[in-house]
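A closer look at the structure
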Amino acid sequence: MATIVVGVTGGVAAFKAPIVVRECQRAGHDVYVAATRASLDFVGRSTWEGITSRPVAVDIAGEGRAEHVELARVADLIIVVPATAHSLARLAAGFADDMVSLTVLASDAPVVVAPAMHSNMWLAPATQANVKTLRERGVHVIDPASGALGSGDSGVGRLPEPEEIARVALELLDSHNQSLQALAGRTVVVTAGGTREPIDPVRFLGNQSSGRQGLAIASAAARAGASVRVIAANIESALLEALPTGVQVTRVGSALQMREALIDQVADADALVMTAAVADFRPEATSESKMKKDPSTEDAPTIRLVRNPDILAEVAHGDQRPPLVVGFAAETGTDEEILAYGADKAARKGADFICLNRVGESVGFGDVPNDIRLLDASGHIAGRYVGSKDEVAAGLVGHMASFLDNLKR
Ligand code: C5P
């Protein structure tokens, strides 16, 4: 039995929140309700108190409230339903002056948010930016459904069925519980981002990798109890700052710097996850000053490239190899083609697994969902993870934990 906090904010869809509470109770969990003041105009105190047989938390400081963060502390899962546009903004900004946002802010439990609002508000750039921020922090935001809206209009913004919200939330609780401490006592090194190979002081050869998938894996491993070291190549500072406390970050620029940092850090590790997009080639020489065009001719310079070391293959075939090595391969093409590339890479690189990452329009790079097939060293599919980068990370970390546990036996 888990303790679930259902946070209710002030939208017309609040009338469906009692069904979410009931579904959680039916699954055997203990439910507390936190409500914003505005939400009580839609569903009142007596409804909540009748359903949960306990007071509804509305006031931050009030009689009988031992401590304002007590709900945050006892929560194993928080479900915000419905989440208005206003409350999404408050959650994204880290407000703490109502019981719902305070509880989310102060808790380290998984959070599921089910927005409901008029389409124009849902699609507004401000709301979309808030949702993106929340997702980057690992909050599970359930996309609203399309259909009739409270205003009488029709479009996207409707609260999904409350039974479905409860199902998604309870599934998340399950997978969170499974991953808890599964990597306790392990050290995991994750490389992330994309290397930049300098041409001159202002130019480089680079790639599109944002580092998000690698950071999601690092966060999931840390949440599973591992001690995590991230070697970050050119990742936005804001993404690195959102990593769980305790994750050690080494920033690098080029492939050669990444190799040096990795060799230094991988020796005592239990696992290496090499998500970084490492440039295969670098300019043979880096000009010390900015390269100038010669206005008297149409000639363009020729940049000679040389091969970078294959860091993954070197570590996987070397003396300092951790017991578990996972590589990534971003491929485009048909299913058949990418599986063949992946199998070939799995064999060549010497990794235990290759995460075959299909990239292309709206999948793979940046802030988009991912579709990863896990190939073992002989090219067989050992798992498939589709979803947000956090969901993919949780699946992979679960697999890594069982692989390491099996090695022990
Ligand atoms: O051969 P390809 O670049 O597709 O292989 C991808 C995998 O190899 C990734 O895990 C990447 O981090 C790693 N890699 C590497 N050193 C390179 C190129 C790729 O470690 N020079």
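Before going into details, it helps to say that this report is about the structure given with it.

**Topic: the overall build of the chain**
A count of helical and extended segments in the chain gives 14 helices and 19 strands. Taken along its principal axes, the extent of the C-alpha atoms in the chain is 75 × 65 × 40 Å. Looking at the 409 residues of the chain, the share that counts as buried comes to 49%. The long-range share in the chain, meaning contacts at least 24 apart out of those at least 6 apart in sequence, stands at 69%. Carbon and sulfur atoms make up 50% of the accessible area of the chain, which amounts to about 19500 Å² in all. Counting 38 positive and 50 negative side-chain charges, the chain places the averaged centre of each group 1 Å from the other.

**Points about the nonpolar core**
Core analysis: the largest hydrophobic core is formed by 37 residues, its most contacted members being L183, V188 and V273. No other element matches helix 14 (residues 389-408), which puts seven residues into this core. Beyond its immediate chain neighbours, meaning those up to four positions away, V188 contacts L183, A221, A226, S227, V228, R229, A271, V273 and M400.

**A short note on the sheet that holds strand 16 (residues 324-331)**
The eight strands lie next to each other as 12-11-8-13-16-17-18-19, forming an open sheet whose pairing is mixed. Of all strands in the sheet, those with a lone pairing partner are strand 12 (248-252) and strand 19 (381-387), marking the two edges. Neighbour-to-neighbour, the strand axes of this sheet turn through a mean angle of 15°, independent of strand direction. Relative to strand 8 (residues 187-193), helix 9 (residues 212-223) is tilted by about 160°, and along the sheet it contacts strand 8, strand 11 (227-233), strand 13 (271-274), strand 16 and strand 18 (370-376).

**Section: the site of the ligand**
Around the ligand lies a shell of 13 residues, among which M274, A276, L312, F328 and K345 are the nearest. Measuring from a nitrogen atom of the ligand, one finds a backbone N or O atom of P309 at 2.9 Å. Between a nitrogen atom of the ligand and a main-chain N or O atom of I311, the distance comes to 3.0 Å. Considered on its own, the ligand offers 450 Å² of accessible surface; in the complex 88% of this is hidden by protein. Here the residues of the shell around the ligand sort into eight nonpolar, one polar and four charged.

**Some remarks on the packing of helix 4 (residues 85-93) against helix 7 (residues 125-136)**
Taken N-terminus to C-terminus, the directions of helix 4 and helix 7 make an angle of 45°; their axes are 9 Å apart at the nearest point. As the angle between them shows, helix 4 and helix 7 are arranged oblique. As helix 4 runs across helix 7, the sense of the crossing is left-handed. Facing helix 4, whose interface residues are A85, L88, A89, L91 and A92, helix 7 presents T127, N130, V131, T133 and L134. Its residues assigned to classes, the contact of helix 4 with helix 7 comprises seven nonpolar, three polar and no charged.

**A few points about the environment of Q178**
Summarising the element assignment, Q178 is placed in helix 8 (residues 162-179). In this structure, the C-alpha to C-alpha distance between Q178 and L243, residues 65 residues apart in sequence, is 21 Å.

**As for the environment of A89**
By the element assignment, A89 lies in helix 4. When the C-alpha atoms of A89 and Y385 are compared, they prove to be 30 Å apart, with 296 residues separating the residues in sequence.

**What to know about unusual backbone geometry**
Here the amide bond leading from V81 into P82 is cis, since omega sits at -10°, within 30 degrees of zero. A positive phi is found at S53, a non-glycine position, where the angle reads about 55°. Mapping S53 onto the fold places it in the loop between helix 2 (45-52) and helix 3 (70-74). The residue N234 is not glycine, and still its phi comes out positive at about 55°. Inspection of the secondary structure puts N234 in the loop between strand 11 and helix 10 (237-241).

**Regarding the pattern of salt bridges**
This model, assessed by the stated rule, comprises 21 salt bridges. For D30, the salt bridge is made with R54, and the minimal N-O distance between the two is 3.1 Å. Of this pair, D30 sits in strand 2 (residues 30-35) while R54 sits in the loop between helix 2 and helix 3, and the two are 24 residues apart along the sequence. Taking relative accessible area as the criterion, D30 reaches 23% and is therefore assigned partly exposed. R373 is the partner of D335 in a salt bridge, and the nearest nitrogen-oxygen pair spans 3.2 Å. Linking D335 in helix 13 (residues 335-349) with R373 in strand 18, this pair joins segments that are 38 residues apart in sequence.

Reading the values: rules and limits
Residues numbered from 1 in each chain as written. Predicted model: local features only at pLDDT ≥ 70, side-chain atom pairs only at ≥ 80, totals over all residues. Heavy atoms only, no water. Helix = DSSP H or I, 4+ residues; strand = E, 2+ residues; numbered from the N terminus. Buried < 20%, exposed > 50% of the residue type's maximum accessible area, 1.4 Å probe, protein only. Contact = heavy atoms within 4.5 Å. Areas by Shrake-Rupley, 256 points an atom, 1.4 Å probe, with all protein chains shown as cover. Lys, Arg positive; Asp, Glu negative; His and termini not counted. Charge placed at Lys NZ, Arg CZ, Asp CG, Glu CD. Core = buried A, V, L, I, M, F, W, Y, C linked by side-chain atoms within 4.5 Å. Pairing = 2+ DSSP bridges. Axes fitted to C-alpha atoms, helices over the stretch in contact; angles between N-to-C directions. Near = heavy atom within 4 Å. Polar contact = N/O pair within 3.5 Å; in protein donor to acceptor, adjacent residues only side chain to side chain. Nonpolar A, V, L, I, M, F, W, Y, C, P; charged D, E, K, R; others polar. Parallel < 35°, antiparallel > 145°, perpendicular 65-115°, else oblique. Left-handed = near helix turned anticlockwise from the far one by under 90°. Salt bridge = Lys/Arg side-chain N within 4 Å of Asp/Glu carboxyl O.

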